[in-house]
Amino acid sequence: MSSPGLRRGLVAVAGPLIAIAVAVAVLVLLKSGSAQQRRDPTLHAAAPMPPPPILPPPPAPKPRPAPTDDPWPLYGYTLARTRFFPNAAKLDPPLHVGWRFRDGALLEFPPVVYDNTVYFEDANGWARAVSTTNGHLLWQRRVGSVAAASPALDVRHKLVFFTLLSTSPGAREPGNGAVTALSMKTGKVAWSHSLPAGSESSPLVHGLSVFLGDQSGTVYSFRTYDGQTNWTFQASGAVKGGVAFAHNTIYFGDYGARVHAVNAADGQEIWSAAGGDSFYSTPAVAFGRVYIGSTSGAVYAFWASSGATSWTASTGAYVYASPAVANVPGLGPMVYIGSYDGHLYAYSADSGGLRWSHGGGGRIDGSATAIGNVVYYSSLGSNTTFGLDQRTGRQVFSFDDGEFTPVITDGKVVFLIGFATIYQMLPGR
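What you see is a predicted model; the values in this text were computed from it and never measured.

## Structural notes on the overall build of the protein
Each helix and strand counted, the protein has one helix and 33 strands in total. Taking all 429 residues of the protein together, the buried fraction comes to 54%.

## Observations regarding the confidence of the model for the protein
Here the protein averages 87 in pLDDT, and 84% of its residues register 70 or above. When the criterion is pLDDT under 50, residues 52-69 qualifies, and its contacts beyond four places in sequence or with other chains add up to eight contacts.

## What to know about the packing of aromatic side chains
Taken as a whole and judged by the stated rule, the model has 27 aromatic pairs. A centroid spacing of 6.4 Å and a plane angle of 40° characterise the contact between Trp-271 and Phe-302, whose relative ring orientation is tilted. Here the residue Trp-271 occupies a position in strand 18 (residues 269-274), and Phe-302 occupies one in strand 21 (residues 298-303), the gap between them amounting to 31 residues. Joined through ring pairs, the aromatic side chains of Tyr-251, Trp-271, Phe-279, Tyr-300 and Phe-302 make up one cluster. Lying over the aromatic face of Tyr-75, Arg-83 brings its terminal NZ or CZ to 4.9 Å of the ring centre. The ring of Tyr-255 carries the charged tip of Lys-240 above its face, separated from the ring centre by 5.2 Å.

## Observations concerning the pattern of salt bridges
Tallied over the entire structure, the rule returns six salt bridges. For Arg-128, the salt bridge identified is with Asp-122, shortest N-O distance 3.0 Å. Residue Arg-128 shares its accessibility class with Asp-122, and that shared class is buried. The network of salt bridges with shared partners includes Asp-103, Asp-122 and Arg-128.

## Here's the deal with the nonpolar core
Generally speaking, soluble globular proteins have nonpolar side chains that are buried together. Membership of the largest hydrophobic core comes to 28 residues, with the highest contact counts inside it found for Phe-415 and Met-425. Mapped onto this core, the elements with two or more residues apiece are strand 2 (95-102), strand 4 (117-121), strand 28 (374-379), strand 30 (395-399), strand 31 (407-409), strand 32 (414-417) and strand 33 (421-427). If one sorts the elements of this core by residue count, strand 32 sits on top with four residues. Apart from the residues lying within four places of it in its own chain, the contact partners of Met-425 are Leu-95, His-96, Val-97, Phe-397, Phe-399, Val-413, Val-414 and Leu-416.

## Details of the environment of Ala-304
Mapped onto the secondary structure, Ala-304 falls in the loop between strand 21 and strand 22 (309-314). A relative accessible area of 6% means that Ala-304 is categorised as buried. When sequence neighbours within four positions are dropped, the list of residues in contact with Ala-304 reads His-247, Tyr-251, Trp-271, Gly-288, Arg-289 and Val-290.

## A closer look at the sheet that holds strand 28
Read across the open sheet, the five strands follow the order 1-27-28-29-30; overall the sheet is mixed. In this open sheet, the two strands that pair with only one neighbour each are strand 1 (84-85) and strand 30. Sheet topology note: the strand 27 (residues 369-371)/strand 28 ladder contains three bridges and is antiparallel. Paired with Ala-370 across the two strands is Val-375, which belongs to strand 28.

## Here's the deal with the pairing of strand 25 (residues 343-348)
Counting buried residues along strand 25, five of its six residues qualify, which places the element largely inside the surrounding structure. Alignment of strand 24 (residues 332-338) against strand 25, held across five bridges, turns out to be antiparallel. Note on strand 25: the bridge partner recorded for Ile-337 is Tyr-345. Relative to strand 26 (residues 354-359), strand 25 is paired through five bridges, and the arrangement is antiparallel. Looking across to strand 26, one finds that His-343 is bridged to Gly-359.

## Concerning the sheet that holds strand 19 (residues 284-286)
Taken together, four strands build an open sheet; the order of strands is 19-20-21-22 and the sheet is antiparallel. Two strands lie at the open edges of the sheet, namely strand 19 and strand 22, each paired on one side alone. Averaged over all neighbouring strand pairs, the angle between strand axes comes to 20°, with direction disregarded. Pairing between strand 20 (residues 289-293) and strand 21: five bridges, direction antiparallel. Bridge pairing in strand 21 places Val-290 opposite Phe-302.

## Observations regarding the environment of Asp-254
Residue position: Asp-254 is located in the loop between strand 16 (249-253) and strand 17 (258-263). Separated by 16 residues in the primary sequence, Asp-254 and Ala-238 have C-alpha atoms spaced 5.4 Å apart. In this structure, Asp-254 is in contact with Ala-235, Ser-236, Gly-237, Ala-238, Val-239, His-260, Ser-278 and Phe-279, ignoring residues within four places of it in sequence. Here the side chain of Asp-254 touches Gly-256 through a polar contact of 2.8 Å, landing on its backbone nitrogen.

## Details of the pairing of strand 6 (residues 137-142)
Note that strand 5 (residues 126-131) and strand 6 share five bridges and pair antiparallel. In the sheet register, Ala-129 faces strand 6, and the bridge partner there is Trp-139.

## A few points about the environment of Gly-207
Relative to the elements of secondary structure, Gly-207 occurs in the loop between strand 11 (204-206) and strand 12 (209-213). Placed 16 residues apart in sequence, Gly-207 and Arg-223 show a C-alpha to C-alpha distance of 9.2 Å.

Criteria and thresholds
Residues take numbers from 1 onward in each chain, read along the sequence in its written order. For this predicted model, a pLDDT threshold of at least 70 governs which residues receive local features, and a threshold of 80 or more governs which side-chain atom pairs are given and counted, while totals over whole chains, interfaces and linings are taken from all residues. Heavy atoms from the whole structure form the basis of all side-chain values; hydrogens and water molecules are not counted. Only DSSP runs of H or I with at least four residues qualify as helices, and only runs of E with at least two residues qualify as strands; both kinds are numbered from the N terminus onward. Only protein chains enter the accessibility calculation, which uses a 1.4 Å probe. A residue is then buried if its area is under 20% of the maximum for its type, exposed if over 50%, and partly exposed in between. Each residue gets a pLDDT score, which is the predictor's confidence in that residue and runs from 0 to 100. Here a residue-residue contact requires only that any non-hydrogen atoms of the pair lie within 4.5 Å. Put simply, two rings from Phe, Tyr or Trp (the six-membered ring, in Trp's case) pair if the centres are within 6.5 Å, and we call them stacked under 30 degrees between planes, edge-to-face over 60, tilted for the rest. In this scheme, Lys NZ or Arg CZ marks a charge over a ring once it lies within 6 Å of the ring centre and within 35 degrees of the ring normal. Salt bridge criterion: a side-chain nitrogen from Lys or Arg within 4 Å of a carboxyl oxygen from Asp or Glu. Throughout, nonpolar core names a set of buried Ala, Val, Leu, Ile, Met, Phe, Trp, Tyr and Cys residues whose side chains join them through atoms within 4.5 Å. In this analysis, strands are considered paired if DSSP registers two or more bridges between them. Orientation is described by axes fitted as lines to C-alpha atoms, over the contacting stretch for helices, and by angles from 0 to 180 degrees between their N-to-C directions. Within 3.5 Å is the distance limit for a polar contact, defined as a pair of N or O atoms, with the added protein rule that one can donate a hydrogen and the other accept it, and that residues adjacent in sequence qualify only through two side-chain atoms.

Structure follows, in structure tokens:
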């Protein structure tokens, strides 16, 4: 049994201890509540934070303007040689002369255009580069003595290719020709390859290959940057026109009255089709067909896949000219081609049916060109360049100079090719 005196002492001590413990507990609870209030904002009477403001979306970037400085890198504008420059209604007539560049020799074939520069060669074998802005001569080089072709561009390697009927001084007939590659910037010779028979075949560049034919009937594929021969193909007669490219195939006619399709990679023949007579015309490939004129007076459409004849149409006179092919709104696929009978003909590209014809007063040797809503041609007989509405054949333009080839464009202005003069033609009166 415990001593009562001991219990009284413990109580005396425990009283203050209990009071201290209670005070500590109260302080802990108060601090705990304050901490809980800091952790739980719902215990505060203050209003909740407003949501972040909703900002308007940033303005959409302005669309970049469509490029208008489209190159015209080879005869016929496209690899398929369609000679049709679309979406250029802003260049429809009326047109007026800006600058003139007088060459002094016949310009039988049209120039090519790239990077504000016009490249061309004249009948005397002079290669030239002229500014599209002001018509000033940038460089010139005598590369031969007889020439009748458009150049072609290898933009990747900055080279321009010229074919020559002769490089012999004073020559007036084909023989001892060449294909020559010049620097687009300076006109310096990069390489040259002899073509003993001579060539008036406007070259065509695709990838690392440049294709052309010669007077002996040989078609060549050269490597663009050094002139190395990739392959050759022997046709049945002289290949005077250029080749057209589509479906990894090159198409061309010859003076043996045949049209050929050849694999562009290895030079192996895919098909050969007989025509009525010699083919000087450079073909156009479109709508699954190969369109080409013949000296028999006929216009042919061969199926591009097989060489089978799709249709023929007769003009009654030589067709040296090359066709322009376009899909015309409201009219459909069309072929425009001139004849020695003095008329430009508009045929349905699907059926060969005649839509209209236009008489220009003299034979037509050169190709037609379609720009915007107008198809142009030059009359060798009347020395005039005509522009016709593609749908109706109504004349909407004429110019008192023109021999073989009519016009090209860079998308900003039109360049008209006269007998020996290049004209910059500006839209508007």
